[in-house]
Amino acid sequence: MEEMFHKKSEAVRRLVEAAEEAHLKHEFDADLQYEYFNAVLINERDKDGNFLELGKEFILAPNDHFNNLPVNISLSDVQVPTNMYNKDPAIVNGVYWSESLNKVFVDNFDRDPSLIWQYFGSAKGFFRQYPGIKWEPDENGVIAFDCRNRKWYIQAATSPKDVVILVDVSGSMKGLRLTIAKQTVSSILDTLGDDDFFNIIAYNEELHYVEPCLNGTLVQADRTNKEHFREHLDKLFAKGIGMLDIALNEAFNILSDFNHTGQGSICIQAIMLITDGAVDTYDTIFAKYNWPDRKVRIFTYLIGREAAFADNLKWMACANKGFFTQISTLADVQENVMEYLHVLSRPKVIDQEHDVVWTEAYIDSTLPQAQKLADDQGLVLMTTVAMPVFSKQNETRSKGILLGVVGTDVPVKELLKTIPKYKLGIHGYAFAITNNGYILTHPELRPLYEEGKKRRKPNYSSVDLSEVEWEDRDDVLRNAMVNRKTGKFSMEVKKTVDKGKRVLVMTNDYYYTDIKGTPFSLGVALSRGHGKYFFRGNVTIEEGLHDLEHPDVSLADEWSYCNTDLHPEHRHLSQLEAIKLYLKGKEPLLQCDKELIQEVLFDAVVSAPIEAYWTSLALNKSENSDKGVEVAFLGTRTGLSRINLFVGAEQLTNQDFLKAGDKENIFNADHFPLWYRRAAEQIPGSFVYSIPFSTGTVNKSNVVTASTSIQLLDERKSPVVAAVGIQMKLEFFQRKFWTASRQCASLDGKCSISCDDETVNCYLIDNNGFILVSEDYTQTGDFFGEVEGAVMNKLLTMGSFKRITLYDYQAMCRANKESSDGAYGLLDPYNAFLAAVKWIMTELVLFLVEFNLCSWWHSDITAKAQKLKQTLEPCDTEYPAFVSERTIKETSGNIACEDCSKSFVIQQIPSSNLFMVVVDSSCLCESIAPITMAPIEIRYIESLKCERLKAQKIRRRPESCHGFHPEENARECGGAPGIQAKMVLILFPLLLMLFSR
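Worth saying up front: this structure is predicted, and the values here are computed from it rather than measured.

Looking now at the overall build of the protein chain. Helices and strands together make up the secondary structure of the protein chain, namely 27 helices and 39 strands. A burial count over the protein chain gives 54% of its 997 residues as buried. Counting only contacts in the protein chain whose residues sit at least 6 apart along the sequence, the fraction spanning at least 24 positions is 72%. When the accessible surface of the protein chain is split by element, carbon and sulfur atoms take 52% of a total near 44900 Å².

Structure representation (structure tokens):
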């Protein structure tokens, strides 16, 4: 595994060396003319059929290694953000010298064919990507992607930081200025990552913590906390006088106190000041807290076009190793916010420290067409390994110029391939976490939710290990892994299966260690009773190959029997095809797991006779005359499957069963099939029956699945070597049950009581309480407690069933939120532009006549028509699951109701997980409420919400920190651009249009 991570890091290191060498040889030419492949314009023609400028012919071909997207594996191409001029001299020069990376991209791919996207993100904004691909605008015709906003870029370019954001909310900030200020804060939050800490304070005559609960401290800049603060930003309004001295004192005190606690980044500290002016330089405050060391950097953002107070704000930034910038419109925000990152990168550049960084897991959505493929084919979780690229030209050393960041994406599934699933046992799994305790990969991680179509959960990348391994209440496992320890931990766990409806209670042994050269730690969970013993068999290659050739044999394509990624000519091969070629000696370059393949051959040979048995059943029509049994299947511990259809494929009731999209019921990278796992937990020799659950709220399946495990010995210690089962029509199964229920053991064959009697209701339920058979067909698949609440309640009291409380910390709950119909929406470019124009007009009116029209002019911007809107938001839920007590074979009871007594009998069906329940139907017993499995949202009281916000779990800081350097040139601290007359000329026709409305 460590070798895999090392190979990816080395590929990135080669790109860094090539980029720095190419830049060192290059001399900037302001008049350089260079036709490069623009990723948006390639292969585009004008109305005369000629290629557009920067849109030359660029050969693209679908490539299965890149999800069948059309790519060019010989060349890279360049994406430039929509808001940048693609022939700007700085961009053209950067594209020109970075062209030399093409050779390294191709060479890296030749050395390691498992590599996917490689890229260089320039500090100037352009993005060079290999292999080259055409970029398509979104539905609005825009490509908003800016590589400098991506976590891999920011993480590689800068060191961890503690930030206090000060926002001026005095009366002069009314209207659009406050809107721009809020957007500036939001953009700053976008640049903060999981290793950073922050707080936001609004100020006028008083201090107003945006989140009052977090008075005097900082919080981790994870997704949840940042979104929480964004919601509170909407509550800010402007009034009063701005007292900046109070705010600066508070900010310095917070940073000092927080630093002394030993929490936070313990690296860079910064104050971000967002205001429309400052009447003083406040040098006495800086002298008290920050000079001479200047350990806290000051970044100042002047909101509005006025330059009267620019000198004071620039002085503050320059005197404290920061940066000053002026933001006049909403369109200016992002580019100006990015400036501070270049300042923070200077010490790292001067140190020439090429720190390797790895990001948390994320779903790649860089390309719209890649996102569509993810929606269609399933998500691909990625991590990125990245390194910064520095200028090595002597004259730029003190300036610490960052050229950009190079990186490559690594699918998380590559990590799982290095851990053979067959060695982990039926319920075993591997998982990995980051230095912050967040999940990199875990079978219980659910990044998507469904509402019409699959969507990403907003906080999917910051799910903590304690939220999936929640039985570890003291975080023993989590904290040991975060601290990069090696060891073992055991606990009883409750693992949900079958879409969370069922639960398996078992004891897991966890083994964990760190992954060298990364911020990650790896864990392996082995369930007791599985994975400890492994059966080995031995057959000849000729025997095994003969039985592998059967058309009904398949292997788990997500398992690594052979590495088909190493050589391009092998990528099209399925695992089964690769094994056959390997065994026949036709592909000497194939690298395969000899031990696993030997066991596959053995399983193929010993399971082959079942095909003849299935064939004889199919030929004996009396056994299945009405074609009730549709499919028979077998799976072995090596991922080998055999499937036999008793009906035509087009006649199958469940068309998806055992297909690639039916992830629950096939061998995957992280789990065995559901029918295999459930059968393994049953008493040897017994069958487990179930009705498949749908993803919707209503389950109305038309099939029943039955499976049983195959063990070498009739004892729990014996390894489960396979599972076999059938799927049949529900109607067929129910008919068999009703026929059997009418057969009695009396001499005359007559039953004293029958399910046909109107005085009783008969049910067939499984060991989790779900109804397989009922006289009311619509109850099929329902939970028994919802139909017969009184009986289920009595069964729980008697101990025949037990309730198990489960928690879901990745749930999505419906919430009513206020939404606005006003023109305030920052995400609407049209409204934002109108707001900007109106603001300019207001400023002109104020200049001409000394009369404050601001409140009148902005009335339609700030006034919001509030209405409630239902949204899905992340939440925590609690819900029950139910399991039968194995030792109880038969029991009966009476329930005292309001005006009657309700009796029932429950009896286990031998060699199965089923129970027949006969209930007295004459007594309704409506006074006892049904028992539901519906999840209940855990609502935290305000004081507890505050404690949860303040609570900081143990985390490990990145090992590298570059906060300051004595050679740093602090004079590079920004400027104050004036308003250009040509902008007024451009806007003049629009102003006329505005007034004519």
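Taken as a whole, this structure holds 46 salt bridges when the rule is applied. Across the pair Arg223 and Glu227 runs a salt bridge, and its minimum N-O distance is 3.9 Å. With Arg223 and Glu227 both in helix α6 (residues 223-233) and 4 residues apart, this pair spans about one turn of that helix. Under the relative-accessibility criterion, Glu227 is labelled partly exposed at 28%. Note that Glu788 is salt-bridged to Lys902, the shortest N-O span being 3.8 Å.

The subject of this paragraph is helix α2 (residues 89-98). Along α2, 7 of the 10 residues are buried, which leaves the element largely enclosed by surrounding structure. Inspection of α2 places Ile91, Val92, Asn93, Gly94, Val95, Trp97 and Ser98 among the buried residues, and these make up the whole buried set. At its buried positions, α2 is contacted by α1 (2-25), β3 (77-79), α3 (101-111), β4 (118-122), β5 (127-130) and β16 (402-411). If you check the start of α2, you find a side-chain oxygen 2.8 Å away from the backbone N of Ala90, and it comes from Asp88.

Within the secondary structure, Phe109 sits in helix α3. For Phe109, a relative accessible area of 7% translates into the label buried. In this structure Phe109 touches His65, Phe66, Ile73, Leu115, Gln118, Tyr130 and Arg571, once residues within four positions along its chain are discounted.

What follows covers the sheet that holds strand β31 (residues 720-729). Strand order in the open sheet formed by 6 strands is β24-β28-β27-β31-β30-β29, with antiparallel pairing between adjacent strands. A single partner strand is all that each edge strand has here, and the edge strands are β24 (553-554) and β29 (688-690). As paired strands, strand β27 (residues 629-636) and β31 are joined by 7 bridges and run antiparallel to one another. Following the sheet pairing, Ala632 is matched in β31 by Ile726.

Let's shift gears to the packing of helix α17 (residues 594-607) against helix α18 (residues 609-619). Where α17 contacts α18, the axes come no closer than 5 Å and their chain directions differ by 35°. Where α17 approaches α18, its residues Val605, Val606 and Ser607 are matched on the opposing element by Pro609, Ile610 and Glu611. For the contact of α17 with α18, the per-class residue count stands at 4 nonpolar, 1 polar and 1 charged.

Our next topic: the nonpolar core. A general tendency of soluble globular proteins is for nonpolar side chains to be buried together. Residues Trp117, Trp152, Val406, Leu477 and Tyr510 are the most contacted members of the largest nonpolar core, which totals 96 residues. The greatest single-element share of this core, amounting to 9 residues, is contributed by α1. Excluding anything up to four places from it in sequence, Trp152 contacts Tyr119, Gly121, Phe127, Cys147, Val357, Thr359, Thr384, Ala386 and Val405. Membership of the second largest hydrophobic core comes to 46 residues, among which are Val163, Phe198, Cys213 and Leu233.

What follows concerns the packing of aromatic side chains. Under the counting rule described, the total for this entry stands at 48 aromatic pairs. A ring pair is formed by Trp291 and Trp315, whose centres lie 5.9 Å apart and whose planes are at 70°; its orientation type is edge-to-face. With Trp291 in the loop between α8 (283-289) and β11 (296-303) and Trp315 in helix α9 (residues 310-318), this pair connects stretches of sequence that are 24 residues apart. Take Trp315: its relative accessible area is 33%, and that puts it in the partly exposed class. Grouped by ring-pair contacts, the aromatic residues Trp559, Tyr561, Phe633, Phe657, Phe667, Phe672, Trp675 and Tyr676 constitute a single cluster. If you follow Arg45 out to its NZ or CZ, it ends over the ring of Phe51, 3.9 Å from the centre.

Further remarks concern the state of the cysteines. The final tally for this structure, using the stated rule, is 8 disulfides. Two residues, Cys755 and Cys762, share a disulfide whose sulfurs are 2.1 Å apart. Judged by the torsion about the S-S bond (-95°), the Cys755/Cys762 disulfide is left-handed. Note on accessibility: Cys755 and Cys762 belong to one class, buried. Disulfide partner of Cys813: Cys875, at an S-S distance of 1.9 Å. The sign of the 70° torsion about the S-S bond sets the Cys813-Cys875 disulfide as right-handed. Taken together, the residues span a long stretch of sequence, with Cys813 in strand β34 (residues 801-820) and Cys875 in strand β35 (residues 866-884) at a distance of 62 residues. Residues Cys813 and Cys875 agree in their burial class; the two are buried.

Quick look at the environment of Thr224 now. Note on placement: Thr224 falls in helix α6. For Thr224, a relative accessible area of 43% gives the class partly exposed. The residues contacting Thr224, other than those within four sequence positions of it, are Asn459 and Ser462.

Within the secondary structure, Met916 is located in strand β38 (residues 914-920). Residues Met916 and Val905, spaced 11 residues apart in sequence, show a C-alpha to C-alpha distance of 8.1 Å. When near neighbours in sequence (up to four residues on either side) are disregarded, Met916 contacts Phe737, Ser741, Cys755, Cys762, Tyr763, Leu764, Val905, Ile906, Gln907 and Ile909.

Reading guide: rules and limits
- Numbers given for residues are sequential positions, taken from 1 along each chain in its written order.
- Totals for whole chains, interfaces and linings use all residues, but because this is a predicted model, local features are given only for residues with pLDDT of at least 70 and pairs of side-chain atoms are given and counted only at 80 or more.
- Excluding hydrogens and water, the side-chain values take into account all heavy atoms of the structure.
- Runs of E in the DSSP output that reach at least two residues are strands. Runs of H or I that reach at least four are helices, and both are numbered from the N terminus.
- Any residue under 20% of the maximum accessible area for its type is buried, any over 50% is exposed, and the rest in between are partly exposed; the area is computed with a 1.4 Å probe on protein chains only.
- Residues are treated as being in contact if the distance between any of their heavy atoms lies within 4.5 Å.
- Areas reported here follow the Shrake-Rupley algorithm with a probe of radius 1.4 Å; residue values treat only the protein chains shown as occluding.
- Whenever Lys or Arg places a side-chain nitrogen within 4 Å of a carboxyl oxygen from Asp or Glu, that contact is recorded as a salt bridge.
- For the purposes of these results, a polar contact is taken to be a pair of N or O atoms within 3.5 Å, where, inside protein, one atom must be able to donate a hydrogen and its partner to accept one; residues adjacent in sequence count only when each atom of the pair is a side-chain atom.
- Pairing between two strands is assigned when DSSP locates at least 2 bridges connecting them.
- The angle between two axes is taken between their N-to-C directions and runs from 0 to 180 degrees, where each axis is a line fitted to C-alpha atoms and a helix contributes only its stretch in contact.
- Only Asp, Glu, Lys and Arg are considered charged, only Ala, Val, Leu, Ile, Met, Phe, Trp, Tyr, Cys and Pro nonpolar, and every remaining residue, Gly among them, polar.
- Residues grouped as a nonpolar core are buried Ala, Val, Leu, Ile, Met, Phe, Trp, Tyr and Cys residues, joined through side-chain atoms within 4.5 Å.
- We call Phe, Tyr and Trp rings a pair once their centres come within 6.5 Å, taking the six-membered ring for Trp, and we label the pair stacked below 30 degrees between planes, edge-to-face above 60, and tilted otherwise.
- The criterion for a charge sitting over a ring is simple: Lys NZ or Arg CZ within 6 Å of the ring centre, and within 35 degrees of the ring normal.
- Working definition: a disulfide is two cysteine sulfur atoms within 2.5 Å of each other.

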